[in-house]
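# Fold and contact review
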There are 2 protein chains.
Amino acid sequence: MTTRISRHCRATRLFLQPVLVYISRMEYKKRTVTCGDLRAEHAGMPVVLNGWVHRNRDHGGIHFINLRDRYGITQVVVDQDAPEATRHLAESLKMEFCVAITGTVRRRPDSMINPDMQTGEIEVAATGIQILSSCEVLPFMIDEETETREDLRLQYRYLDLRSFGMQHRIALRNQVSFRVREYLQNQGFYEIETPTMIKSTPEGARDFLVPSRLNPGSFYALPQSPQLYKQLLMVSGFDRYFQLAHCFRDEDARGDRQPEHTQIDMEMSFVSRDDVFAVTEGLMGHVFRSTLDIELPARFPRLSYHEAMNRFGSDKPDLRFEMELQDFTSFAAGSGFGVFESVAESGGSIKLLVVPGGAGYSRKQITELEDVAKTYHAKGLAFAKVTAEGLESGIGKFFTDKAAEIKAAFGATEGDLLLFVADSWKVACTALGAVRTRLGTQLELIPANTFAFAWVVDFPLFEWDDELQKWEPAHHMFTMPRAEYLETMEQDPGAVKGDLYDLVCNGYEMASGSIRVHNPELQQRIFDIVGFPREEAEERFGFLLKAFRYGAPPHGGIAPGLDRLLMVMTGTPTIREVIAFPKNTQGISPMDESPSPIDADQLRDLGLMPLPREDATGQT
Amino acid sequence: MTTRISRHCRATRLFLQPVLVYISRMEYKKRTVTCGDLRAEHAGMPVVLNGWVHRNRDHGGIHFINLRDRYGITQVVVDQDAPEATRHLAESLKMEFCVAITGTVRRRPDSMINPDMQTGEIEVAATGIQILSSCEVLPFMIDEETETREDLRLQYRYLDLRSFGMQHRIALRNQVSFRVREYLQNQGFYEIETPTMIKSTPEGARDFLVPSRLNPGSFYALPQSPQLYKQLLMVSGFDRYFQLAHCFRDEDARGDRQPEHTQIDMEMSFVSRDDVFAVTEGLMGHVFRSTLDIELPARFPRLSYHEAMNRFGSDKPDLRFEMELQDFTSFAAGSGFGVFESVAESGGSIKLLVVPGGAGYSRKQITELEDVAKTYHAKGLAFAKVTAEGLESGIGKFFTDKAAEIKAAFGATEGDLLLFVADSWKVACTALGAVRTRLGTQLELIPANTFAFAWVVDFPLFEWDDELQKWEPAHHMFTMPRAEYLETMEQDPGAVKGDLYDLVCNGYEMASGSIRVHNPELQQRIFDIVGFPREEAEERFGFLLKAFRYGAPPHGGIAPGLDRLLMVMTGTPTIREVIAFPKNTQGISPMDESPSPIDADQLRDLGLMPLPREDATGQT
């Protein structure tokens, strides 16, 4: 359909001209039906339609106008029987004019019935046309998304949003949001609004700041998440909280980031990880069933962080296809291949990927894959080709005597390609995992319309920072250690697994959450392990730590990203495609040109002035 | 109930002491039921409850613990049959400790059944207690709201939120929000999120500003409302939009203002005022029916602005009681009372309020009412008392000969008090309207649990500004004039009625809305009448005006305030009572002490520095 519309758009563009016929739209005929309503049974009914001119074809003096609104498209016919003035107006209608059409529904001749259109059985014979608004020459053809620069689409977002794609995605976002609320309400969650202007407690990303005019020199921050407030709601006894919360991060311009995004923020009291999982699984099941008519598994598989890395080379594995990483380390010793031998001896890992039918890969193709591995800090990507005789090319020669054993151990058969990364366990897994992901797409291993959810659990709580020579929180400091590590946490911080978890789907992290520390003494032990100063804790989180001294319940939660969820559901490459009015990667809205300079008075009222140029950092 | 709990709180406070018994809460007994679940039929069932110690009474060595959670209160009994350790722990339980109780449900003896409690038929005989969190000495007794300074409540908001009142109001807010969404979804509205960081286009109030680090010297604004964006969504063809939108206004500290509030923001295409009214009436009907079980009228009465002022002395009249203002102007001439005569001659109005049974009012009581009138710019409040003989006291003597006629004309009878304000029509109405409102409360004319909704319509579009000697927009510049004024708007701007409307209830403005101008030429005519410079229009609203050149549909909307709605529904005096984490009147959150100073580095990164003290305005 897109193609046909596009062709039409180009054609009509040729005859766009200044609007001559333009009536007052103050007293206009209001619609009696929408453009998606009419069926064969309505034949004979007088109707008024309001909508946009989607196409207007002239076939020998008869005008066929496709009139569009949110609900559908209805074909309007202005033929010889129409009043003279109406026929004249029909000629002047250009693309995207907003009009009111008066007419009568009639069945189309059998040969003209369009089974692809909901209203394809009928047409409306026009007896009157009112132009409600004219339309200037379009900056781009609506529905030709791929040909249009994104910044131009964002500049004319109100036109871009008329496209079928954007209409569908925004409609789906609305449905998903409502179904989320419906499900969580039914599960006894209260949606509670937390403040947008809060105390600045930067962690991870930078806070956006809001200067206070009433309290000069003081600033609010926009929340990176409602984390502290939702925990306070648990202290307040609200038991089950959620919010479709707007979150803000002042990050550097890169990739698919937005200064604001929405998360399905949830928190529950008196729960374990399993309770959080059950609610989240139920939520996703309800959303996919009610909006996409897709049945997800009742329970999602669980992988430990170690297993996810080891088998898929990622803490957000794409489980839509197999082709798992395997461990080749035990074959290194005695092979004579020095790189492998030294890695194995120093406690590193050699990870292997068997690429089915990959023996035919050219040197260039393999180099491309090696570049992927190197992006993830691998020093190289070794390979060997599996032949009937054994292993050839690359490092095959080091393993000729063990070829049969290797083929059996790793399930490789003639025509396969073996790819190896030897490095520290984490680098070997991550780099070969990235190669796996690339091959998944390249080899078309990924089935369409499949959503492979899983839980990744048992992340380490602390990581040793070589540079600082101290333990650092692997995620953040408010996660409960798994119960079995509580007694001995200080003795071996590196072994401690935290009660935190990620929900992943199709290679994306969809949500992150944890069971929280609710006990001030335990919190202090964690602060002590990572050397977080008491004064700073008091300064930044004091109000939360204080609240925990007044009967705080055990609690935990999770926060699926709504934008990410919609992006995965619609298969679009960026979250900008599922946000009505996004910013570009520079944090700019080309439509309204925000951010923008302000009056000197406004700044002065805030007790601020621009930093003189020579003092400014990062701006020179 | 409050009183009994309070007494208990004071008592327990005396024996608060350092917690001695404190077990690990890492592996705790998770609840099998909530504190609101158990009934007689559960007798014999072993259960685990998690919750807060609401009260703990010791009756001869038997502990009666009222355990509370969001769902209710369950009585736990620790008697002689309980294990020694459990009995010992029961003794140590202070108010608001968070605990896990293991035990068995049993029917209460008939004499102990409490029909006022949902769980009043049963109690739980405890066999085990775990302390999950202890609680320090409470800063105030929960549920004794009236005795606690508001700033102390806000400082410990997490404790204040445990009170029955706050729990109820936040729960109701959640229900109302969901019912709003449910209704509007069913009416075909899409909830669409508009950006929180937008272009600054200050109008009315000041914008809160957010400095951009990536674009130094440029600022985002937080939206005072999503007005421009929702209109753009209509241009995009979304047809019916709503959003529970967070709105921000940087206003001076006064009264019942919050820097952020929530509105039920709605916009519809191809509609007239009547369509907006029907949706709003349906919405309010659904909300009140589903949350308070109150049936509102299917249609709300409509008053013109003039009628509302004339009859009730307010553009947000309280229609829960009658006692309407009446017009006394025609009685002024020839009365000999100079004040009335000169007001009537100069085209002013004399408004009259008949106060039933008010003849007994003391001079002091009348002076208090006069002070109310003067607050609203009246020069005074004249009065007369209705006796069997005629009119006495105050200005009665000027009207003795017309007493009978006056009594008949205004429905006054012996024992009533007549109150008069003579001034310009608007001042006379407003001042006497304020007196009416005061008397409505004072005379207890206002029935409880009544919600008197009405529409106020036909507001003037332009007002003459004596100081500037020009026409100013009475509300804003984007409202469509009523159709009958379109041709002649420029000839008599003062006569033009706008297609804007207010929803009022119980003396509050609940919502404001209008049919918008969607036609660039008409918009320009309005800018011209109020002398709004084209360049400024282009600078501030250019992107909206540009969008209107691309086939904008006729559209209109409304935006009921969610906080105000909840305040009226719950009969609380401020919106702070229906917001989980409000700011105080100075825009400060005493709990987290926001807004707060930031690091010099953070400010420097934004390209800003504090204004030197001597340059600062409004801060000296």
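Residues numbered from 1 in each chain as written. Chains lettered and ligands numbered in written order. Predicted model: local features only at pLDDT ≥ 70, side-chain atom pairs only at ≥ 80, totals over all residues. Heavy atoms only, no water.

Named according to an unreviewed UniProt entry, chain A is Aspartate--tRNA(Asp/Asn) ligase originating from Spirochaeta africana. UniProt lists a comment for chain A under the heading Sequence similarities (unreviewed entry), and it reads "Belongs to the class-II aminoacyl-tRNA synthetase family. Type 1 subfamily." In its Catalytic activity (unreviewed entry) section, UniProt records this for chain A: "tRNA(Asx) + L-aspartate + ATP = L-aspartyl-tRNA(Asx) + AMP + diphosphate". (UniProt positions renumbered as here; feature names shortened; annotations may be inferred.)

Of the regular secondary structure elements, chain A holds 16 helices and 23 strands. With 620 residues in all, chain A has 60% of them scored as buried. Partitioning the intrachain contacts of chain A with sequence separation of at least 6 by distance along the chain shows that 69% fall at a separation of at least 24. Total accessible area on chain A stands at roughly 24700 Å², and carbon and sulfur atoms take up 49% of it. Taken together, the 67 basic and 87 acidic charged side chains of chain A have centroids lying 4 Å from each other. (Helix = DSSP H or I, 4+ residues; strand = E, 2+ residues; numbered from the N terminus. Buried < 20%, exposed > 50% of the residue type's maximum accessible area, 1.4 Å probe, protein only. Contact = heavy atoms within 4.5 Å. Areas by Shrake-Rupley, 256 points an atom, 1.4 Å probe, with all protein chains shown as cover. Lys, Arg positive; Asp, Glu negative; His and termini not counted. Charge placed at Lys NZ, Arg CZ, Asp CG, Glu CD.)

All right, on to the relation of the copies chain B and chain A then. Two copies of the chain are present, and they differ by a rotation about an axis and a shift along that axis. Expressed as a screw operation, the relation of chain B to chain A combines 0.0 Å of axial shift with a rotation of 180°, fitting to an RMSD of 0.1 Å. When the rotation and shift are considered jointly, the pair of chain copies conforms to a two-fold rotation axis. With an isologous cut-off of 70% or more, the 100% of interface residues of chain B that recur at the interface of chain A puts this contact in the isologous class. (Least-squares fit on C-alpha atoms with pLDDT ≥ 70 in both.)

A separate point is the interface of chain B and chain A. Taken together, the contact pairs 136 residues of chain B with 136 residues of chain A. It is Arg70(B), Phe270(B) and Tyr550(B) that lose the most area in chain B upon contact with chain A, and together they represent 7% of the buried surface on that side. Joining chain B to chain A, the criterion identifies 16 salt bridges. One salt bridge connects Arg213(B) with Asp250(A), and the closest N-O pair in it is separated by 3.0 Å. Counting every contact that joins chain B to chain A gives 73 residue pairs in polar contact (both at pLDDT 80 or more). Tallying contributions element by element places helix α5 (residues 164-186) of chain B first for the side of chain B that touches chain A, with 10 residues. Among the residues making up the side of chain B that touches chain A, the classes are represented as 71 nonpolar, 33 polar and 32 charged. Relative to strand β23 (residues 608-610) of chain B, strand β23 (residues 608-610) of chain A runs antiparallel, the two sharing three bridges. Within β23(B), the residue paired with Met609(A) across the bridge is Met609(B). (Buried area = accessible area lost by both parts, 1.4 Å probe. Salt bridge = Lys/Arg side-chain N within 4 Å of Asp/Glu carboxyl O. Polar contact = N/O pair within 3.5 Å; in protein donor to acceptor, adjacent residues only side chain to side chain. Nonpolar A, V, L, I, M, F, W, Y, C, P; charged D, E, K, R; others polar. Pairing = 2+ DSSP bridges.)

This paragraph deals with the sheet that holds strand β12 (residues 326-327) of chain A. Residue and element names in this part refer to chain A. Spatially, the five strands line up as an open sheet ordered β12-β13-β16-β14-β15, and their pairing is antiparallel. If you trace the sheet from one side to the other, it starts and ends with β12 and β15 (391-392), each paired once. Of the pairings in the sheet, the one linking strand β14 (residues 382-386) to strand β16 (residues 417-423) comprises four bridges and is antiparallel in character. Looking at β16, one finds that Ala382 is bridged to Phe420. Strand contacts of helix α12 (residues 425-442): β13 (349-355) and β16, with the helix running at about 15° to β13, the strand carrying the most contacts. (Axes fitted to C-alpha atoms, helices over the stretch in contact; angles between N-to-C directions.)

What follows is about the packing of aromatic side chains. We describe a pair of aromatic rings using the distance from one ring centre to the other and the angle between the two ring planes. The final tally for this structure, using the stated rule, is 66 aromatic pairs over all chains. On the basis of an interplanar angle of 90° and a centroid distance of 6.3 Å, the ring pair of Trp455(A) and Tyr501(A) is categorised as edge-to-face. Pair noted here: Trp455(A) is in strand β17 (residues 453-457) and Tyr501(A) is in strand β20 (residues 500-505), with a separation of 46 residues, a long-range link. Given the relative accessible area of 0%, Trp455(A) is considered buried. Judged by relative accessible area, Tyr501(A) falls into the buried class, the value being 0%. Between the aromatic rings of Tyr156(B) and Tyr158(B), the centroid separation amounts to 6.1 Å while the plane-to-plane angle is 70°, which identifies the pairing as edge-to-face. You'll find Tyr156(B) and Tyr158(B) in the same group, each marked buried. Within the aromatic cluster, the residues linked to one another by ring pairs are Phe328(A), Phe331(A), Phe337(A), Phe340(A), Phe398(A), Phe399(A), Phe410(A) and Phe420(A). In this arrangement the basic side chain of Arg436(A) is found over the ring face of Phe321(A), its NZ or CZ atom lying 4.0 Å from the centre. Directly above the aromatic system of Tyr190(A) lies the positively charged group of Arg70(B), at a separation of 3.8 Å from the ring centroid. (Phe/Tyr/Trp six-rings, centres within 6.5 Å; stacked < 30°, edge-to-face > 60°. Lys NZ or Arg CZ within 6 Å of the ring centre and 35° of its normal.)

Moving on: the UniProt feature "binding site: ATP" (unreviewed entry) in chain A. All names here are of chain A. Mapped onto the present numbering, the UniProt feature "binding site: ATP" (unreviewed entry) falls at Arg249, Asp250, Glu251, Gln258, Glu509, Gly561, Leu562, Asp563 and Arg564. Narrowing the list just given to those that line the second largest cavity leaves Gln258 and Asp563. Those residues in contact with Glu509 that sit more than four places away from it in its chain are Lys316, Asp502, Leu503, Val504 and Arg564. With respect to the helices, strands and loops of the structure, Gly561 is situated in the loop between β22 (555-558) and α15 (562-570). With relative accessibility at 15%, the residue Gly561 sits in the buried group. Residue contacts for Gly561: discarding those within four places in its chain leaves Thr262, Gln263 and Met510. (1 Å grid on protein atoms, 1.4 Å probe; cavity = no way out; pocket = protein on both sides within 12 Å on 5 of 7 lines; lining within 4 Å.)

Residues and elements named next belong to chain B. Helix length check: helix α10 (residues 363-375), at 13 residues, gives a terminal C-alpha distance of 18 Å against a target of 18 Å (1.5 Å per residue), a fit within 8%. Regarding α10, the residues found buried are Ile366, Leu369, Glu370, Val372 and Ala373. Along the long axis of α10, the arc covered by the buried residues comes to 155°, so they all point the same way. In this structure, α10 carries Lys364 and Thr375 as exposed residues pointing more than 90 degrees from its buried face. (Expected span 1.5 Å × (residues − 1). Arc of directions from axis to C-beta.)

For the structure on display, the rule yields 85 salt bridges over all chains. Its salt-bridge partner being Arg157(A), residue Asp160(A) comes within 2.8 Å of it at the nearest N-O pair. Taken as a pair, Asp160(A) and Arg157(A) lie in helix α4 (residues 157-160) at a separation of three residues, close to a single helical turn. Assigned by exposure class, Asp160(A) and Arg157(A) land together as buried. With a closest N to O distance of 2.9 Å, Lys379(B) and Asp423(B) form a salt bridge. Placement of Lys379(B) in the loop between α10 and β14 (382-386) and of Asp423(B) in strand β16 (residues 417-423) is noted, with a sequence separation of 44 residues between them. Since its relative accessible area comes to 67%, Lys379(B) is described here as exposed. Three or more residues are tied together by salt bridges with common partners; here these are Arg153(A), Arg157(A), Asp160(A), Arg169(A) and Glu577(A).

All names here are of chain B. Assignment of secondary structure puts Glu370 in helix α10. Of the side chains with opposite charge, Lys374 comes closest to the buried, unpaired Glu370, at an N-O distance of 4.4 Å. Beyond its immediate sequence surroundings of up to four residues, Glu370 is in contact with Gly380 and Leu381.

Residue and element names in this part refer to chain B. The strand order across the open sheet formed by five strands is β12-β13-β16-β14-β15, and the pairing between neighbours is antiparallel. Because the sheet does not close on itself, it has two edges, and the strands there are β12 (326-327) and β15 (391-392). Sheet topology note: the β14/β15 ladder contains two bridges and is antiparallel. Along β15, the bridge assignment pairs Val386 with Leu391.

With that out of the way, let us pick up the domain arrangement of chain A. Looking at the assigned domains, one finds that chain A contains domain 1 (40-133), domain 2 (322-442) and domain 3 (453-550). Computed from C-alpha coordinates alone, the two centres of domain 1 of chain A and domain 3 of chain A are separated by 64 Å. (Domains from an automatic or database assignment.)

Turning next to empty space enclosed by the protein. Scanning the model with the defined rule gives 11 cavities of 30 Å³ or more in all. A per-class count over the lining of the largest cavity returns 14 nonpolar, 10 polar and six charged. Along its surface, the second largest cavity is lined by 18 residues, and Glu260(A), Ile579(A), Glu193(B), Thr194(B) and Pro195(B) are the ones closest to its centre. Those elements that provide at least two residues to the lining of the second largest cavity are α5 (164-186) and β10 (260-269) of chain A. Element by element, the count of residues in the lining of the second largest cavity is highest for β10(A), at three residues. A class-by-class count of the residues in the lining of the second largest cavity yields eight nonpolar, five polar and five charged. (Points joined across faces, edges and corners; volume = space filled by probe spheres on them.)

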